[in-house]
Amino acid sequence: MTPHHRTPSVRFTGGVALFGLVLLVSSGCESPPKRLPQTPLSMAEAAAIANANIARIGGTLRAVGAVDGQVRSPGGRRRSYHVDGVLFYHRPSFVRFELKALGHRQFLFGANLEEYWVYSKEEGRFHCGRYDDVEDPEFTVDIRPDNLADALGLTPIPTPFYVGSQDDPSSVSADGPGREPTTCIQRVVDDYQQILFVVYDQQGHPTLEKEYWLDRCAPRLIRQVIFRDGDGVVTMTSKLDDYRPLPDGGPALPHLMTADWPQTAGRMRFQVRQWAIVPTVGPGGIQFAPPKPCRGPGLPDNFRR
């Protein structure tokens, strides 16, 4: 066969390859469609959507997954880890978060309505406290049990929103008795509606205390929570991704939480394999009871909340 007869065959083969490449690109390798932010809502409407999702939590939640990162223990030491994590949560503020490696406890974080506690294997002891006590200056742990549920987007955004003024901060309070007066402000950016909580001290000086970043794309849930100290400096940032709904009309819950503590270079990544409702565990269960070293004198060994 002469070269003149081979040429069409080569051209035909090349044409098939090119067609196949175009088909592959058009069918399976194209970029996913870009998410389109929806029209901004009022601050109350945006918060109501996120809170309605949280209201579907019908009992005690349990999350099981892998946890890795680095953290500061109560004694101030740095420690890297790659462990298995089990989280229990019951509204409004019952939390137990246990981290184990090869079946051995490395960290334990817990809280109920009155108390919180932290255990570190490296320190070999519990740190216990009550919310009505003066803050312990030695309590320098990164993961605080009292804001863990908030960081996972499991607690409602405080409402209603009261708008006050710097001239009369005593006229407003979004958090009830015992809290400093608070003003809530909304800021809309490209992808988020940010609800900012500004707290006023007794002299009327404002400080940005906390931020909830709500996704402007469906289903409009919490994507980021930022905590700040009394000077407005970021102490913790929690990013929430991969929301999936529980069966039977349950809430949509994040399956990836990434937390950063910029002041201490701490970091935690919690990849949840499974969320579930555990009907056998209630707020009075052993999961939410303070451990024996934290019960104090006069309390029985089987003390429960």
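Residues numbered from 1 in each chain as written. Predicted model: local features only at pLDDT ≥ 70, side-chain atom pairs only at ≥ 80, totals over all residues. Heavy atoms only, no water.

Participant: Can you walk me through the overall build of the chain in this structure?
Facilitator: From N to C terminus, the chain includes three helices and 13 strands. For the chain, with 305 residues in total, the buried portion stands at 43%. In the chain, the proportion of contacts linking residues at least 24 apart, taken out of those at least 6 apart, comes to 46%. (Helix = DSSP H or I, 4+ residues; strand = E, 2+ residues; numbered from the N terminus. Buried < 20%, exposed > 50% of the residue type's maximum accessible area, 1.4 Å probe, protein only. Contact = heavy atoms within 4.5 Å.)

Participant: How should the state of the cysteines be read in this particular structure?
Facilitator: A covalent bond between the sulfur atoms of two cysteines is referred to as a disulfide. Under the counting rule described, the total for this entry stands at one disulfide. Across the disulfide, Cys128 is cross-linked to Cys294 (sulfur-sulfur distance 1.8 Å). Taking the torsion about the S-S bond as the criterion, the Cys128 to Cys294 disulfide, at about -60°, is left-handed. Here Cys294 lies in the segment after β13 (266-277) and Cys128 lies in strand β6 (residues 125-130), a separation of 166 residues in the sequence. The exposure class assigned to Cys128 is partly exposed, which follows from its relative accessible area of 32%. Residue class for Cys294 comes out buried when judged on its relative accessible area of 13%. (Disulfide = S-S within 2.5 Å.)

Participant: Mind showing me how you'd approach the confidence of the model for the chain here?
Facilitator: Reading predicted coordinates in detail is not appropriate for stretches of low pLDDT. Per-residue confidence for the chain gives a mean pLDDT of 80, with 74% of residues at or over 70. In the predicted structure, residues 163-179 sits below a pLDDT of 50 and forms 29 contacts with residues beyond four places in sequence or in another chain. With pLDDT under 50 throughout, residues 298-305 is counted as low confidence; its partners more than four residues away or in other chains account for 21 contacts. (pLDDT = per-residue confidence, 0-100.)

Participant: I would appreciate a short explanation of the packing of aromatic side chains in the present structure.
Facilitator: The geometry of an aromatic ring pair comes down to the distance between the two centres and the angle between the two planes. Under the counting rule described, the total for this entry stands at eight aromatic pairs. Ring geometry for Phe107 and Phe109: centres 5.9 Å apart, planes at 15°, overall stacked. With a relative accessible area of 2%, Phe107 lands in the buried category. Look at Phe197 and Tyr212: their rings are 5.7 Å apart centre to centre, the planes differ by 70°, and that puts the pair in the edge-to-face class. (Phe/Tyr/Trp six-rings, centres within 6.5 Å; stacked < 30°, edge-to-face > 60°.)

Participant: I would appreciate a short explanation of the environment of Ile277 in the present structure.
Facilitator: By secondary structure assignment, the location of Ile277 is in strand β13. Accessibility expressed as a relative area gives 34% for Ile277, which makes it partly exposed. Sequence-wise, Ile277 and His90 are 187 residues apart; in three dimensions their C-alpha atoms are separated by 9.9 Å. Setting aside residues no more than four positions away along its own chain, Ile277 makes contact with Gly58, Gly59, Thr60, Leu61 and Leu246.

Participant: Even after reading the chapter, I still don't get the side chain of Gln193, so can you show me in this structure?
Facilitator: In this structure, Gln193 sits in strand β8 (residues 192-200). Separated by 2.8 Å, the side chain of Gln193 and the backbone nitrogen of Leu41 make a polar contact. (Polar contact = N/O pair within 3.5 Å; in protein donor to acceptor, adjacent residues only side chain to side chain.)

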